[in-house]
Amino acid sequence: MKTDHVNTCPAGNNIQAPNKTPLDADKIRNDFPILSRKVNGKRLVYLDSAATAQKPRQVIDAIASYYTDHNANVHRGLHTLAEEATAAYERARDKTAKFIGSVKREEIIFTRNTTEAINMVAHSWGRHNLKHGQRIVITQMEHHANLVPWIVLAKITGAELEYIPIDADGYLHLKDINDIINSRTRIVALTHMSNLLGTINPVEDIIDLAHKKNALVLVDGAQGVPHLPVDMKTMNADFYAFSAHKMLGPTGIGVLYAKDDLLGEMQPMQYGGEMINEVRYNFADWAELPWKFEAGTPNIAGAVGFSAALDYLEDLGMEKIREHDKMLIAYALERLAELRQFKVFGPKNPEHRGGAVSFVSPHVHPHDLAQFLDMQGIAIRAGHHCAQPLTKLLGESSTARASFYIYNSQKDIDELITALEAAWRYFAHV
Ligand code: PLP
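What comes next is a walk through the structure.

### Some details on the packing of helix H13 (residues 366-375) against helix H15 (residues 410-428)
Relative orientation of the contacting elements H13 and H15 amounts to 120°, with a least axis distance of 10 Å. The orientation of H13 relative to H15 falls into the category oblique. As H13 runs across H15, the sense of the crossing is right-handed. For the pair H13 and H15, contact is made by Asp368, Leu369, Phe372 and Leu373 and by Leu416, Ala419, Leu420, Ala422, Ala423, Tyr426 and Phe427, respectively. Of the residues assigned to the contact of H13 with H15, the class counts are 10 nonpolar, no polar and 1 charged.

Following this line, the structure appears as structure tokens:
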């Protein structure tokens, strides 16, 4: 499919750009030390939060304070520091459980990131529950993290891999969904929000449908949970995976939420210390949930930093963050529509999308564009965004992507547009 929706209408189909935001992005920006640095002599305009978000001082301080005052290994020591470290680590689990809809604490498994969480499901659930003739369903807009594990699992088990297609506007094309998710389907794995198109998928409807066909659903929440209020009880996903680093937390810690009955039946992915109940020379059995899935010393400082990130997001309020995102998306789409030389991908309606906006221009390679913008202090991403099949489907080998978060304002988007115009003039020699 070669999409052909070069911008022709400002503000995308007459959708009005809301210009009020409940967040004070300039004030928030002051909490992020990195945003006060200059890049190439210019004010840093960070538009790459879909890759990783910047960290507020509160998160940096929490990690420093953990290492300064409390550092010890968890779950095994009896001294004061070990008890403090264990309490801090487990507090992070409680906060995470509350943040996604007050689920049970044993349903929160700390992983390294979204990728590891999805691999855990493919390995620990998939290898034991899938066989030849059964079906795994994913979508055409998946990040490699929610694609490659299923390709490998299909090869290992003999299950078939089927895709929900997308349409020219970047929405899932659901006309044949009842045939795609059929009685042989055991699992559906789809992204909550596309990191390339920005599309927010109707995950609840798809979960309902999949459950009616006795299939489980994994939602890749890497882009969802940083930007949307998420409640596992209403969503009813069986598995939900996300990364702390995309929601103001540190790198190296992520989450697999899974229903406890599923976790109870699943085998661990890794074996060793921390995850056992009893070990003899020829025998081992496993600890209770959630520790059964957390072999070895975990990322304790990461959990502490993640706790502080969750506090920060909760103080702002996820509803307000979503409103702020919508304002920025609407404004960005409206301004990008003025640049007739640029083609923008994904839904035009801010209600249906998040703040990762990909675009191309016939005269400028996305990598050149990213480098040109970097000279102006503007950080965007260029490439296939770990979604090679989707990028190809769009008829491109790479795209440029600007992505927004709580510390971005309309001023950042104005600077982006000015720099894009200048880049186009420079590369197109006009
Ligand atoms: N899924 C989506 C939609 C993403 O955007 C990303 C990262 O960009 C991932 C999964 C993988 O996240 P991580 O690299 O933190 O595992």
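Having seen the model, we can carry on.
### A word on the pattern of salt bridges
Applying the stated criterion across every chain yields a total of 23 salt bridges. For aspartate 412, the salt bridge identified is with arginine 43, shortest N-O distance 2.8 Å. Residue aspartate 412 is found in helix H15, and its partner arginine 43 is found in strand E2 (residues 42-43); the two are separated by 369 residues along the sequence. Take arginine 43: its relative accessible area is 22%, and that puts it in the partly exposed class. Through salt bridges with shared partners, a single network forms among Glu90, Arg93, Asp94, Arg105 and Glu294.

### What to know about the environment of glycine 170
Within the secondary structure, glycine 170 is located in the loop between strand E6 (160-164) and helix H7 (177-180). Separated by 176 residues in the primary sequence, glycine 170 and glycine 346 have C-alpha atoms spaced 4.5 Å apart. If we skip the residues at most four places from it in the chain, glycine 170 touches Met141, Leu197, Thr199 and Pro347.

### Brief notes about the sheet that holds strand E16 (residues 381-383)
The antiparallel open sheet is built from 4 strands, whose spatial order is E13-E14-E17-E16. Looking at the sheet topology across the chains shown, the edges are occupied by strand E13 (343-344) and E16. Note: E13 against strand E14 (residues 356-360), 2 bridges, orientation antiparallel. Paired with lysine 343 across the two strands is valine 360, which belongs to E14. Contacts from H13 reach E14, E16 and strand E17 (399-403), with the element oriented near 160° to E16.

### Observations concerning the packing of aromatic side chains
Overall, the coordinates contain 12 aromatic pairs when judged by the stated rule. Geometrically, the ring pair formed by tyrosine 271 and tryptophan 286 is tilted, given 5.2 Å between the ring centres and 50° between the ring planes. Taken together, the residues span a long stretch of sequence, with tyrosine 271 in the loop between helix H10 (260-265) and strand E11 (276-280) and tryptophan 286 in strand E12 (residues 283-286) at a distance of 15 residues. On the basis of relative accessibility, which here comes to 28%, the residue tryptophan 286 falls in the partly exposed class. On the numbers, 5.5 Å between centres and 40° between planes, the contact of phenylalanine 372 with tyrosine 426 is tilted. Of this pair, phenylalanine 372 sits in helix H13 while tyrosine 426 sits in helix H15, placing them 54 residues apart in sequence. Owing to a relative accessible area of 17%, phenylalanine 372 belongs among the buried residues under this scheme. Through a chain of ring-to-ring contacts, the aromatic side chains of Phe32, Tyr46, Tyr312, Tyr405 and Tyr407 assemble into a single cluster.

The rules behind these values
Residues numbered from 1 in each chain as written. Predicted model: local features only at pLDDT ≥ 70, side-chain atom pairs only at ≥ 80, totals over all residues. Heavy atoms only, no water. Axes fitted to C-alpha atoms, helices over the stretch in contact; angles between N-to-C directions. Helix = DSSP H or I, 4+ residues; strand = E, 2+ residues; numbered from the N terminus. Parallel < 35°, antiparallel > 145°, perpendicular 65-115°, else oblique. Left-handed = near helix turned anticlockwise from the far one by under 90°. Contact = heavy atoms within 4.5 Å. Nonpolar A, V, L, I, M, F, W, Y, C, P; charged D, E, K, R; others polar. Salt bridge = Lys/Arg side-chain N within 4 Å of Asp/Glu carboxyl O. Buried < 20%, exposed > 50% of the residue type's maximum accessible area, 1.4 Å probe, protein only. Pairing = 2+ DSSP bridges. Phe/Tyr/Trp six-rings, centres within 6.5 Å; stacked < 30°, edge-to-face > 60°.

Distances and angles like these do not, on their own, reveal function.
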